[in-house]
Amino acid sequence: MNTLDDLLHARTGPMTSELVQRPGDFGLGQLPARLAPAGTAKSICGYCSTGCSLQIHLNAAGEAINLTPDPDHPVNLGMACPKGWESLAPLAAPDRCTTPLLRDATGVLQPVTWPEALAVFTDRLKAIQAQHGPGSVAVLSTGQIMTEEMALLGALTKFGMGIADLDSNTRQCMATSHVAYKQSYGFDAPPFTYADFEESDVLVFVGANPCIAHPIMWQRVMRNRRQPTLIVVDPRRTETAMAATLHLPAYPKSDLTLLYGLAREVIRRGAVDAAFVAAHTTGFAAFATFVEAFTPARVSAETGLSTADLDRAAAAICRPGARVSYWWTMGVNQSHQATRTAQALINLSLMAGQIGKPGTGANSITGQCNAMGSRLFGNATSLVGGYDFANAAHRTHVAGILGIDAALIPAQPSRAYDRILDAVETGEIRALWIIATNTAHSWINSGKFARLRDQLDFLVVQDMYATTETAQQADLVLPAAGWGEKQGVFINSERRLGYARKVARAPGLALSDFSIFKLVAEAWGCGPLFTRWSSPAAALQILKDLSRGQPCDFTGIRDHDHIEEQGGIQWPYPDSTFCRAGSPNPAAPEAGFGDPAVPPPDRERRLFADGQFPTPDGRARFLFDEPAPLPEPVDAAYPFLLNTGRGSSAQWHTGSRTDKSAVLRQLAPTVPWIEIHPTDATALGLSTGQTVAIRSRRGETTALAVVTPIVQPRQVFMPMHFPEVNRLTFPAYDPHSRQPAYKACAVSLASVNDSSA
Ligand code: SF4
């Protein structure tokens, strides 16, 4: 058994004297991966869900010195966006956290050794649990770490540490897609492949701006040679909307009404695939009756769109023989009726039989690089592997695979992020362990988190930097390796497992999240439960076992190298009987990976070609609800509707990594800005570059005015990359996914010289 000392020596060189204070206390089964040899190594980008492959160029010591996009990878085909090109910059940032930090009696974070940090971590959290109950400690994690890491964290916290509440920032971006697919299809199964961008005749983007948010996906759209019709539903005239055939600037959060109106038109125009609906779906008759009320006149009145534009959109999606695909992202997911809006797109796809064929599908574009891994293996909403906590048979099955007592598995999922914070407010939760996310900046209505900090007895933050808004408030900071400094699997938007290789050493005493979780397990005293989780490579074999027989079955994958050799592998990819999505392999019914009779996975695969869905009856479901009014509509005091979102392709979330790149900082403003329509700017006496005061019922801030017709009158937009923005946002949540509705809240505006705001 290797020790903490071995671990640190393996990744940092000779150990320092303080590291031998408690030799042998923290056993590890296997050393982490060594650096790749000199030359070139491949790694999947660690920013967004596109999953681009990067070729990392190494010096003689095997350390990364530069990178170029991988021309052979089926995802990015030799392309990368600015963030990908600058992926190495955050690793070399001068503010990397290089040692554990513990807040001392004077309130200053001071360096401590790993043994000291782990002792404090364990002693404080156990003491809080002993005093207030096991439920008094909760964890907020991330969609940014490796699948093996998030699965180990989920198992460690829930099965080893008795922590029931573990959620992640995936709640902020993809919870809606997870729930929508699970309810409609029976499993969280995005059906598409990126080739569908190129194979579609009509692409409908709703609340998505791939031009800047997913630039490589947008490049795939640009490669479409079918002269496609592009319809963009977005209240802003975004970069994507500017390139559209038809831009539908529906009033914020009226998209549900619009989509029901389009469903009515599909029926009225005879574009329903009656045979598909009858054979493969349930609930259509009730849905058809429901959408009768969404007449063009009503839809026009509630969305602000002309009936002529509605007619053009309906004609496009009903064009006989056209392949129609629907794509959505945060504009849908981050709304107060997010799940039903996503399902309105799923319904449009199902009713026309536009699924399982090239260029079709209701397709969720994922946000973070491993939000898909989080959805399958995070162990938050679904039991690890896509199972249900509430199902006793599932708990027994998972316990058998993991070799643990089924009684260790909770019978209900974690509370959602917002309810964890509510429990902090009531005093039920007294300690948080926050991993690779920046809650103090990114959580909606961030003033609440600022107030809650004082109610926490103990806050642990595990991150690459101790300079994030959240880490600065921590009692204990655990220094983590970043992308490129560790290894593991990301799962991208099209269900492709990609291997991210270690190409650099983490600085100082920083460790991979996987190693930190192993050390915590040993320190906590539950290490024996995780003996099999000896390395990311070993963990991948456990994940394969968990996937077996599930719709996501990827037991046909041999190991990390197999994933890299194939340019990533989309699930499902079972090891026997089935070698492709739902297609029996009569040539080798019992063959496993490595058997020459099993063909390699196709580079592009989609789901549901056979119309079979993983619901109990094999049918997809039509789900719908009446549109509900905006949670916080405008009024005389707060007459503008604030939308938030990505500012540019050079910015990522709270900027904790992208702000470290001098190149990226040149590509976008480094101060907050607010987009204001010229009509409103004139009325307010504002011009571009002036400072504007923005107030909501929850807080206020200032930003530079950008006067532009990109936004509609009485609507404004602010990029999410600045911490001030979430002081304003309104804490509304989708009732099914509990995803926060960042996209619409009421604000007032004024010149900073005007005290009437
Ligand atoms: Fe990385 Fe996403 Fe940019 Fe590709 S599109 S290089 S995955 S950030």
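Rules and cut-offs
Along each chain, residues carry numbers from 1 onward, in the same order as the chain's sequence is written. Predicted model: local features are reported for residues with pLDDT of at least 70 only, side-chain atom pairs are reported and counted for 80 or more only, and whole-chain, interface and lining totals are derived from all residues. Think of the side-chain values as coming from all heavy atoms in the structure, minus any hydrogens and water. A pair of strands is treated as paired once DSSP finds two or more bridges between them. Helix numbers and strand numbers start at the N terminus; a helix is a DSSP run of H or I with at least 4 residues, a strand a run of E with at least 2. Think of it in three bands: with a 1.4 Å probe and only protein chains considered, a residue is buried below 20% of the maximum accessible area for its type, exposed above 50%, and partly exposed in between. Domain ranges listed in this record stem from an automatic or a database domain assignment. Whether two residues touch is decided by their heavy atoms; if any such pair falls within 4.5 Å, the residues are in contact. Buried area is calculated as the accessible area (1.4 Å probe) missing from two parts once they are joined, with the contributions of both summed. Note on definitions: salt bridges are taken to be side-chain nitrogens of Lys or Arg within 4 Å of carboxyl oxygens of Asp or Glu. In this count, Pro and Cys sit with the nonpolar residues alongside Ala, Val, Leu, Ile, Met, Phe, Trp and Tyr, while Asp, Glu, Lys and Arg are called charged and the others, Gly among them, polar. Throughout, the arc means that of the directions going from the helix axis to the C-beta atoms. What counts as a ring pair is set by centres within 6.5 Å for rings of Phe, Tyr and Trp (its six-membered ring), and what kind of pair is set by the plane angle: stacked under 30 degrees, edge-to-face over 60, tilted for all other angles. Cation placement over rings: the criterion is NZ of Lys or CZ of Arg within 6 Å of the ring centroid and within 35° of the ring normal.

### A short note on the pairing of strand β3 (residues 64–69)
Turning to step 1, where the next piece is worked out: Of the pairings in the sheet, the one linking strand β2 (residues 53–58) to β3 comprises 5 bridges and is antiparallel in character. Bridge pairing in β3 places histidine 57 opposite asparagine 66.
Turning to step 2, where the next piece is worked out: Hairpin geometry of β2 and β3 is characterised by an intervening segment of 5 residues between the two adjacent antiparallel strands and by a positive phi of about 80 degrees at glycine 62.

### So, unusual backbone geometry
Turning to step 1, where the next piece is worked out: With an omega of 0 degrees, the peptide bond running from tryptophan 571 to proline 572 counts as cis.
Turning to step 2, where the next piece is worked out: Within the secondary structure layout, proline 572 lies in the loop between β19 (569–570) and β20 (578–580).
Turning to step 3, where the next piece is worked out: With phi around 50 degrees, glutamine 227 is a residue other than glycine that occupies positive phi space.
Turning to step 4, where the next piece is worked out: Among the secondary structure elements, glutamine 227 is positioned in the loop between α9 (215–222) and β9 (229–233).
Turning to step 5, where the next piece is worked out: With a phi angle near 60 degrees, arginine 738 is a residue other than glycine that sits in the positive phi range.
Turning to step 6, where the next piece is worked out: Look at arginine 738 and you get buried, because its relative accessible area is 15%.

### Quick look at the domain arrangement of the protein
Turning to step 1, where the next piece is worked out: The domain architecture assigned to the protein consists of domain 1 (4–92), domain 2 (101–173 + 390–536), domain 3 (176–365) and domain 4 (640–751).
Turning to step 2, where the next piece is worked out: The interface is formed by 9 residues belonging to domain 1 together with 11 residues belonging to domain 4.
Turning to step 3, where the next piece is worked out: Together, the buried faces of domain 1 and domain 4 total about 840 Å²; carbon and sulfur atoms form 69% of this surface.
Turning to step 4, where the next piece is worked out: Per-residue buried area on domain 1 facing domain 4 is highest for Tyr47, Lys83 and Glu86; these three make up 57% of the total on that side.
Turning to step 5, where the next piece is worked out: Summed over the shared surface of domain 1 and domain 4, the number is 0 salt bridges.
Turning to step 6, where the next piece is worked out: Counted by class, the side of domain 1 that touches domain 4 contains 6 nonpolar, 1 polar and 2 charged residues.

### Thoughts on helix α19 (residues 392–402)
Turning to step 1, where the next piece is worked out: When we look at burial in α19, the residues that qualify are Arg395, Val398, Ala399, Ile401 and Leu402. The arc that holds the buried residues of α19, viewed along the axis, is 160 degrees, so those residues lie on one side. For α19, the exposed residues set more than 90 degrees away from the buried face come down to Ala393, Thr396 and Gly400.
Turning to step 2, where the next piece is worked out: In this structure, the buried residues of α19 make contact with α4 (147–160) and α24 (536–547).

### Side note on α9
Turning to step 1, where the next piece is worked out: When you tally the buried positions in α9, you get 6 out of 8 residues, the bulk of the element.
Turning to step 2, where the next piece is worked out: Where α9 is concerned, the buried positions are Pro215, Ile216, Met217, Trp218, Arg220 and Val221.
Turning to step 3, where the next piece is worked out: Tucked into the core, α9 has its buried residues touching α7 (195–199), β8 (202–206), α8 (210–213), β9 and α10 (239–242).

### What about the sheet that holds strand β18 (residues 496–500)?
Turning to step 1, where the next piece is worked out: An order of β17-β18-β19 is seen for the 3 strands of this open sheet, with the pairing classed as antiparallel. Each edge of the open sheet is held by one strand with a lone partner, namely β17 (488–491) and β19.

### Observations regarding the packing of aromatic side chains
What characterises a pair of aromatic rings is the spacing of the ring centres plus the angle enclosed by the ring planes.
Turning to step 1, where the next piece is worked out: By the definition in use, this model includes 27 aromatic pairs.
Turning to step 2, where the next piece is worked out: Residues phenylalanine 290 and phenylalanine 294 carry aromatic rings whose centres are separated by 5.3 Å and whose planes lie at 50 degrees to one another, so their mutual orientation is tilted.
Turning to step 3, where the next piece is worked out: Accessibility expressed as a relative area gives 14% for phenylalanine 290, which makes it buried.
Turning to step 4, where the next piece is worked out: Of note, arginine 96 hangs over the ring of tyrosine 465, and the distance from its end group to the ring centre comes to 6.0 Å.
Turning to step 5, where the next piece is worked out: In this structure, arginine 714 packs its charged tip against the face of phenylalanine 640, placed 4.9 Å from the ring centre.

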